[in-house]
Amino acid sequence: LENENKYVNDYLPLILGILSDNNIDQNLKPHCFNVLSDIFLYCPDDAFKSFDNIMNVIGSAMQATQIKFDENSEQETCYYFISLREHILETITCIFSAMKDINKTNEFIPFVKSIMTYINIIGNDEFARSVTIMKDGLFLIGDFCNCYKKDMKILLNTLLINDMYNMIENDRIESRDPTTKEG
């Protein structure tokens, strides 16, 4: 993708179509989230033109991936949902970062509560979460707190934030990673 891309208007409808269609090969969906992230990082002004539509598709993806798993859940399905959840959080992070860069964080406000609810649900799913989900969720919460300050207080789940922090600190790779430590 890169800067000054002329294909955003071609990519977006395809990507949103794939993400919205339940009959398409599910293995394409994580890749589509990667493309959305790239579009927002490299072409934020063009991407912002479709912001509401993109956020509605992401909202549907968040709803679809809020399934609660248990010890009887099929392991392959859990892994797939972990991957989707990771990609969704990464995409939201990229979108929010792009919105900060183009001074559009006020337009993001209507989505913060549902994203926080999503982070709380998937962060508490002990059978389908990962250190990446916990780390990305925690970093996104931190970004929201830095941007929206005291308005975030009522949305914070301090028990989950503590669990997220502890899971990261107890992971032998992430606990040593300089980027994670900085975040």
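Note: the structure precedes this text.
Presented here is a report on the structure given in the accompanying data block.

So, how was this worked out
- Residues numbered from 1 in each chain as written.
- Predicted model: local features only at pLDDT ≥ 70, side-chain atom pairs only at ≥ 80, totals over all residues.
- Heavy atoms only, no water.
- Helix = DSSP H or I, 4+ residues; strand = E, 2+ residues; numbered from the N terminus.
- Rg over C-alpha atoms; globule rule 2.2 N^0.38 Å.
- Buried < 20%, exposed > 50% of the residue type's maximum accessible area, 1.4 Å probe, protein only.
- Areas by Shrake-Rupley, 256 points an atom, 1.4 Å probe, with all protein chains shown as cover.
- Polar contact = N/O pair within 3.5 Å; in protein donor to acceptor, adjacent residues only side chain to side chain.
- Phe/Tyr/Trp six-rings, centres within 6.5 Å; stacked < 30°, edge-to-face > 60°.
- Contact = heavy atoms within 4.5 Å.
- Core = buried A, V, L, I, M, F, W, Y, C linked by side-chain atoms within 4.5 Å.
- Salt bridge = Lys/Arg side-chain N within 4 Å of Asp/Glu carboxyl O.
- Axes fitted to C-alpha atoms, helices over the stretch in contact; angles between N-to-C directions.
- Left-handed = near helix turned anticlockwise from the far one by under 90°.
- Nonpolar A, V, L, I, M, F, W, Y, C, P; charged D, E, K, R; others polar.

**Observations regarding the overall build of the protein chain**
Across its full length, the protein chain carries nine helices and zero strands. What you see in the protein chain, going N to C, is helices and strands ordered as α-α-α-α-α-α-α-α-α. The globule rule puts the C-alpha radius of gyration for 183 residues at 16 Å, and the 16 Å found for the protein chain is close to it. Here the C-alpha coordinates of the protein chain stretch approximately 45 × 40 × 30 Å along the principal axes. Residue burial in the protein chain is summarised as follows: out of 183 residues, 43% are buried. Put simply, the protein chain shows about 10,500 Å² of open surface, and 47% of that area lies on carbon and sulfur atoms.

**Some details on the environment of Lys 149**
Residue position: Lys 149 is located in the loop between helix H7 (131-148) and helix H8 (158-169). Side-chain polar atoms of Lys 149 contact the backbone oxygen of Asn 146, separated by 2.7 Å.

**Looking at the packing of aromatic side chains**
Across all of its chains, the model carries eleven aromatic pairs by this definition. Considering the side-chain rings of Phe 69 and Phe 81, the 5.3 Å spacing of their centres and the 65 degrees angle between planes classify their relative orientation as edge-to-face. Here Phe 69 is found in the loop between helix H4 (51-64) and helix H5 (75-101), whereas its partner Phe 81 is found in helix H5, with twelve residues between them in sequence. Considering the side-chain rings of Phe 96 and Phe 144, the 4.9 Å spacing of their centres and the 85 degrees angle between planes classify their relative orientation as edge-to-face. In this pair, Phe 96 sits in helix H5 while Phe 144 sits in helix H7, placing the two residues 48 residues apart along the sequence. A single burial state applies to Phe 96 and to Phe 144, both of which are buried.

**Section: the environment of Ile 168**
Mapped onto the elements, Ile 168 comes out in helix H8. Separated by 127 residues in the primary sequence, Ile 168 and Leu 41 have C-alpha atoms spaced 26 Å apart. With near-sequence residues (within four places) excluded, Ile 168 lies in contact with Val 131, Met 134, Lys 135, Leu 138, Glu 174, Ser 175 and Thr 180.

**Topic: the nonpolar core**
Core analysis: the biggest nonpolar cluster contains 55 residues, and Leu 36, Ile 58, Ile 95, Phe 108, Ile 115 and Phe 144 have the highest contact counts within it. Elements with a contribution of two residues or more to this core: helix H1 (8-20), helix H2 (29-42), H4, H5, helix H6 (105-123), H7 and H8. Considering each element in turn, this core owes the most residues, twelve residues, to H5. Sequence-distant contacts of Leu 36, defined by excluding residues within four places in its chain, comprise Leu 12, Ile 15, Leu 16, Leu 19, Ile 54, Ile 58 and Thr 91.

**Regarding the pattern of salt bridges**
Scanning the model with the defined rule gives three salt bridges in all. Arg 85 is paired through a salt bridge with Asp 125; the nearest N and O atoms lie 3.1 Å apart. You can see Arg 85 sitting in helix H5 and its partner Asp 125 sitting in the loop between H6 and H7, a full 40 residues away along the chain. Given the relative accessible area of 0%, Arg 85 is considered buried.

**Digging into the packing of H6 against H7**
Running from N to C, H6 and H7 cross one another at 145 degrees; their axes reach a closest spacing of 11 Å. Considering how the two elements wind past one another, H6 and H7 form a crossing that is left-handed. Residues Thr 105, Phe 108, Ile 109, Val 112, Ile 115, Met 116, Ile 119, Ile 122 and Gly 123 of H6 pack against Ile 133, Met 134, Gly 137, Leu 140, Ile 141, Phe 144, Cys 147 and Tyr 148 of H7. Considered class by class, the residues forming the contact of H6 with H7 number 14 nonpolar, three polar and no charged.

**Description of unusual backbone geometry**
Peptide bonds are mostly trans, and most non-glycine residues show a negative phi. In the Ramachandran plot, Asn 103 falls in the positive-phi region, its phi being about 55 degrees despite a non-glycine side chain. Relative to the helices and strands, Asn 103 resides in the loop between H5 and H6. With a phi close to 50 degrees, Lys 149 is a non-glycine residue in the positive phi region. Residue Lys 149 is classed as exposed on the basis of its relative accessible area of 55%.

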